[in-house]
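What follows is each chain in one-letter form.
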Amino acid sequence: MCGILGAVVNKDREQVIKTLYDLFLNQKTRGTDGAGISVNNGGELFRFRSLSPFRLFAVYNYWVWQNVAKNSLVMVHHRYPTSSENKVVFNHPIANEDDTVHLIHNGVLVNDKELFKKQKKNHTFETLKKDKFTDSEVIVHLFEDELKKANGDIAKALKGVYKETEGSFSIALNIKGETGVYLMKHSMPVIISKDDNGNYYFSSQLSAKSYLSKITELAEGEIGILKEDGYTKLSKCKEKTRKYKTVFYESNEDSNKDEVHLNAKGYWVNTGQTKWN
């Protein structure tokens, strides 16, 4: 389980940074063991990863936030460990080989091993350690492959990602040369909101802060883009019927594995003790 959030900065970058921190605090139960940020400034990407979201937002990492300016596209990720080691290399944003695509991902991809077998000859996996890798990197490389098939049509490529993947997740993408953050819902929530200065945000959970107002929540299979003038729906994928599949999640707070299933619509059904939001 992870948390995703981000913003498009139109005015008052300091307020945006503070609001991102508020959004993180509001959904920190989604993970505090790793974090990272991607910033798109005029089409150029910057990425920084930390062992903790509290470190990411700490004063001594203020230099990181100096990259956030007017018109910046910002993505932030925080997580529980998804591998046997809690190292920065496993933290999001996950990038492709030439650092032109940054992805943050909330949820679990359950057919990652099948997709990895197809990808390993043509892609380099930064997170690959012996026989283990992060499912998020599989999504990045799948997006690259689908983008080639779609002749550069990003929305069409994301529809291909939705079609080829099984699981319950949501993703956000910063792409070099683009002027918006691309979003896709694959069962996990993505909420769009706006502050009183005209800055736009996305998050896994809606904050109760009075200065934030909810605009919309992505529907299942929805693909959209968040830009300086707000959110635009680009496409809607055909919903798939999914069979139950068993996966295991292990948090650092409880070494006991909780068994969870995906129901026919892809939503988590908890059979253990973990509270799923």
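In this text, all values refer to a predicted model and were calculated from it rather than measured experimentally.

Caption draft 1: Region of interest: the sheet that holds strand β4 (residues 73-79). Strand order across the open sheet formed by 7 strands is β3-β2-β4-β1-β10-β9-β11, with antiparallel pairing between neighbours. Single-partner strands in this sheet number two, and they are β3 (44-50) and β11 (212-217). Taken over all neighbouring pairs, the strand axes of this sheet differ in orientation by 20° on average, direction set aside. Bridge count for strand β1 (residues 2-8) against β4 is 7 bridges, and the pairing is antiparallel.

Caption draft 2: Region of interest: the packing of helix α5 (residues 135-149) against helix α6 (residues 154-164). Between α5 and α6, whose axes approach to 8 Å, the crossing angle comes to 125°. When the axis of α5 is compared with that of α6, the two are oblique. Crossing of α5 over α6 shows right-handed handedness. Along the contact surface, α5 presents I139, L142, F143, E146 and L147, while α6 presents I154, A157, L158, G160, V161 and E164.

Caption draft 3: The arrangement of the environment of I139 in detail. With respect to the helices and strands, the residue I139 is situated in helix α5. Taking the C-alpha atoms as reference points, I139 and E164, 25 residues apart in sequence, are found 9.7 Å from one another. What I139 contacts, discounting residues up to four positions off in sequence, is L103, H105, L109, V161, F169 and I171.

Caption draft 4: Expanded view of unusual backbone geometry. The linkage connecting H92 with the following residue, P93, adopts the cis geometry, with an omega of 5°. Tracing the backbone shows P93 in the loop between β4 and β5 (94-95). Positioned with a positive phi, D12 is a non-glycine residue whose angle comes to about 60°. Summarising the element assignment, D12 is placed in the loop between β1 and α1 (13-26). Residue D12 is classed as partly exposed on the basis of its relative accessible area, which comes to 39%.

Caption draft 5: Summary view of the nonpolar core. In this structure, F143, L158, L173 and M184 are the most contacted members of the largest nonpolar core, which totals 28 residues. Those elements that place two or more of their residues in this core are β6 (101-109), α4 (112-119), α5, α6, β7 (167-175), β8 (181-186) and β12 (222-227). Apart from residues lying up to four places away in sequence, F143 is in contact with V101, I154, A157, L158, V161, L173 and I175. Counting residues in hydrophobic clusters, the runner-up holds 21 residues, among them I17, L23, F24 and F48.

Caption draft 6: Spatial organisation of the sheet that holds β6. Across the sheet, which stays open at both edges, the 6 strands sit in the order β5-β6-β7-β8-β12-β13 with antiparallel pairing between neighbours. This sheet does not close on itself; its edge strands, each paired only once, are β5 and β13 (230-236). By the bridge criterion, 6 bridges tie β12 to β13 in an arrangement that is antiparallel. Opposite L226, over in β13, you have Y231 as the bridge partner. Along the sheet, α5 contacts β5, β6 and β7; its crossing angle with β6, the most-contacted strand, is approximately 125°.

Caption draft 7: Broad picture of the packing of α4 against α5. Two elements in contact, α4 and α5, have axes separated by 10 Å at closest approach and are oriented at 50°. One finds that α4 runs oblique with respect to α5. The way α4 lies across α5 gives a crossing that is left-handed. Between α4 and α5, the contacting residues are D112, L115, F116 and Q119 on the first element and D135, V138, H141, L142 and D145 on the second.

Caption draft 8: Highlighting the packing of aromatic side chains. One pass over the structure, following the stated rule, counts 8 aromatic pairs. Measuring from ring centre to ring centre gives 4.9 Å for F116 and F125, while their planes differ by 75°; the resulting arrangement is edge-to-face. Each member of the pair, F116 together with F125, is buried.

Caption draft 9: View of the pattern of salt bridges. Applying the stated criterion to the full structure yields 7 salt bridges. The partner of E14 in a salt bridge is R13, and the shortest N-O contact between them spans 2.9 Å. One salt bridge in this structure joins K236 and E239, with 3.8 Å as the shortest N-O distance. Look at the salt bridges and you will find they share partners, linking R47, R49 and E126 into a network.

Caption draft 10: Representation of the confidence of the model for the protein chain within the structure. Considering every residue of the protein chain, the mean pLDDT works out to 85; 84% of them sit at 70 or more. A low-confidence stretch, residues 244-277 stays under pLDDT 50, and its non-local contacts, those more than four residues away or across chains, total 80 contacts.

Thresholds, definitions, all that
Residues numbered from 1 in each chain as written. Predicted model: local features only at pLDDT ≥ 70, side-chain atom pairs only at ≥ 80, totals over all residues. Heavy atoms only, no water. Pairing = 2+ DSSP bridges. Helix = DSSP H or I, 4+ residues; strand = E, 2+ residues; numbered from the N terminus. Axes fitted to C-alpha atoms, helices over the stretch in contact; angles between N-to-C directions. Parallel < 35°, antiparallel > 145°, perpendicular 65-115°, else oblique. Left-handed = near helix turned anticlockwise from the far one by under 90°. Contact = heavy atoms within 4.5 Å. Buried < 20%, exposed > 50% of the residue type's maximum accessible area, 1.4 Å probe, protein only. Core = buried A, V, L, I, M, F, W, Y, C linked by side-chain atoms within 4.5 Å. Phe/Tyr/Trp six-rings, centres within 6.5 Å; stacked < 30°, edge-to-face > 60°. Salt bridge = Lys/Arg side-chain N within 4 Å of Asp/Glu carboxyl O. pLDDT = per-residue confidence, 0-100.

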